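Letter by letter, the chains look like this.
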Amino acid sequence: FVEQDLIDPELGEFPDVRAAFVSARCPDVDRPNEDGVALVPGPAGGVVAVADGVGGGPSGAKAARTALEALVRSLSLARENGAEARVGILDGFEAANREVLGLGVGAATTLTAVELAAGSVRVYHVGDSEAALVGQRGKLKLQVVSHTPSGYGLEAGLLSAREADSH
């Protein structure tokens with residue numbers, strides 16, 4: 001799912017795991033959604049990945065698509081070689097970085113991947129696209145730290161959530 005407004009939650013079904021996601025462009029701007037989502041099923045769970053192309057910069061949507069395609073290829077190659085999803089994700093992040101830089105236009109994107117399996121969740125991310133794990137009763141169980149000055153300030157207790165939102 002790239003360059004689409006997904007206002008109604010989409011549901012990704014994996015063995016023993018379900019993931020819901022939405023994606024919408026910033027309501028204050030009049031340009032296409034530069035976000036993308038990839039669902040990659042695996043033998044025991046799967047990977048959900050989000051790339052948020054840097055809006056206002058050149059080719060944000062292309063950067064998001066490029067990053068997700070690199071990640072999906074790396075996950076497929078890792079599976080073919082009998083490696084864990086972790087190997088495919090880490091190799092995919094490195095390949096995504098090389099390929100986005102290789103576009104040569106100054107494009108950029110965040111990249112977040114969540115490895116899902118029965119009873120476990122592992123998050124990998126770069127940039128300010130956050131991942132959160134919410135239980136069936138709405139309790140927040142995990143939220144990653146945004147890789148931004150305000151994200152670090154919030155985590156360190158230097159900013160409140162409200163201050164971080166407007167920082």
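Scroll up a little and you will see the structure.
Along each chain, numbering runs from 1 in the same order as the chain's sequence is written. pLDDT decides what is reported in this predicted model: residues at 70 or higher carry local features, side-chain atom pairs at 80 or more are listed and counted, and totals for whole chains, interfaces and linings draw on all residues regardless. Computation of side-chain values covers all heavy atoms of the structure but excludes hydrogens and water.

Some details on the packing of helix 1 (residues 60-80) against helix 2 (residues 85-102)
Contact geometry for helix 1 and helix 2: axes closest at 7 Å, N-to-C directions at 145°. For helix 1 against helix 2, the interelement crossing comes out right-handed. For the pair formed by helix 1 and helix 2, the contact residues are Ala63, Thr66, Ala67, Ala70, Leu71, Arg73, Ser74, Leu75 and Ala78 on the first element and Ala85, Gly88, Ile89, Asp91, Gly92, Phe93, Ala95, Ala96, Glu99 and Val100 on the second. Residue classes follow a fixed rule: Ala, Val, Leu, Ile, Met, Phe, Trp, Tyr, Cys and Pro count as nonpolar, while Asp, Glu, Lys and Arg count as charged, and any other residue, Gly among them, counts as polar. Its residues assigned to classes, the contact of helix 1 with helix 2 comprises 12 nonpolar, four polar and three charged. Lines are fitted to the C-alpha atoms to define the axes, a helix being fitted only along its stretch in contact, and any angle between axes, read from their N-to-C directions, falls within 0 to 180 degrees. The numbering of helices and of strands both runs from the N terminus, where a helix is a DSSP run of H or I of at least 4 residues and a strand a run of E of at least 2. Should the near helix be turned anticlockwise from the far one by less than a right angle, the crossing is termed left-handed; should it be turned clockwise, right-handed. By definition in these notes, contact holds between two residues if any of their heavy atoms fall within 4.5 Å.

Let's talk about the environment of Leu90
Within the secondary structure, Leu90 is located in helix 2. The buried label applies to any residue whose accessible area, calculated with a 1.4 Å probe on protein chains only, is under 20% of its type's maximum; exposed applies above 50%, and partly exposed to all values in between. Since its relative accessible area comes to 40%, Leu90 is described here as partly exposed.

Some remarks on helix 2
Helical geometry note: an α-helix holds 3.6 residues per turn, so side chains three or four residues apart project in the same direction. Given the number of residues in a helix, its expected span is that number minus one, multiplied by 1.5 Å. With 18 residues, helix 2 ought to run about 26 Å at 1.5 Å a step, and its terminal C-alpha atoms sit 25 Å apart, in line with that. Taken together, the buried positions of helix 2 are Gly88, Ile89, Gly92, Phe93, Ala95, Ala96 and Val100. Buried-residue contacts for helix 2 involve strand 4 (45-52), helix 1, strand 5 (111-117) and strand 6 (120-126). Looking at the residues trailing helix 2, positive phi occurs at Gly104, about 70°.

As for the layout of surface pockets
Its volume calculated, the largest pocket comes out at about 920 Å³. The wall of the largest pocket is formed by 31 residues, among which Ala19, Ala20, Leu116, Ala132 and Leu133 lie closest to the centre. At the level of elements, strand 2 (17-23), strand 3 (35-42), strand 4, strand 5, strand 6 and strand 7 (132-134) are the ones that each hand at least two residues to the lining of the largest pocket. With seven residues, the top contributor of residues to the lining of the largest pocket is strand 2. The residue makeup of the lining of the largest pocket, split by class, is 19 nonpolar, seven polar and five charged. Here a cavity denotes grid points, spaced 1 Å and computed from the protein atoms alone, that fit a 1.4 Å probe unable to get out, and a pocket denotes an open set having protein on both sides within 12 Å along at least 5 of 7 lines; residues with an atom within 4 Å of a point are the lining. Grid points are joined across faces, edges and corners, and a volume is the space filled by probe spheres set on the points. If you add up the space inside the second largest pocket, you get close to 240 Å³. Those elements giving two or more residues to the lining of the second largest pocket turn out to be strand 3, strand 4, helix 1 and strand 5. Its residues placed into classes, the lining of the second largest pocket shows 11 nonpolar, four polar and three charged.

Notes on the nonpolar core
Counting 21 residues, the largest nonpolar core has Leu71, Ile89, Phe93, Leu111 and Ala113 as its most contacted members. At seven residues, the largest contribution of residues to this core is made by helix 1. The contacts of Leu111, once residues within four sequence positions are left out, are Val50, Ala51, Ala67, Leu68, Leu71, Phe93, Ala96, Tyr124, His125 and Val126. Core analysis: the second largest hydrophobic core is formed by 10 residues, Val17, Ala19, Leu116 and Val144 among them. Joining through side-chain atoms within 4.5 Å is the link that ties buried Ala, Val, Leu, Ile, Met, Phe, Trp, Tyr and Cys residues into a set, and such a set is a nonpolar core.

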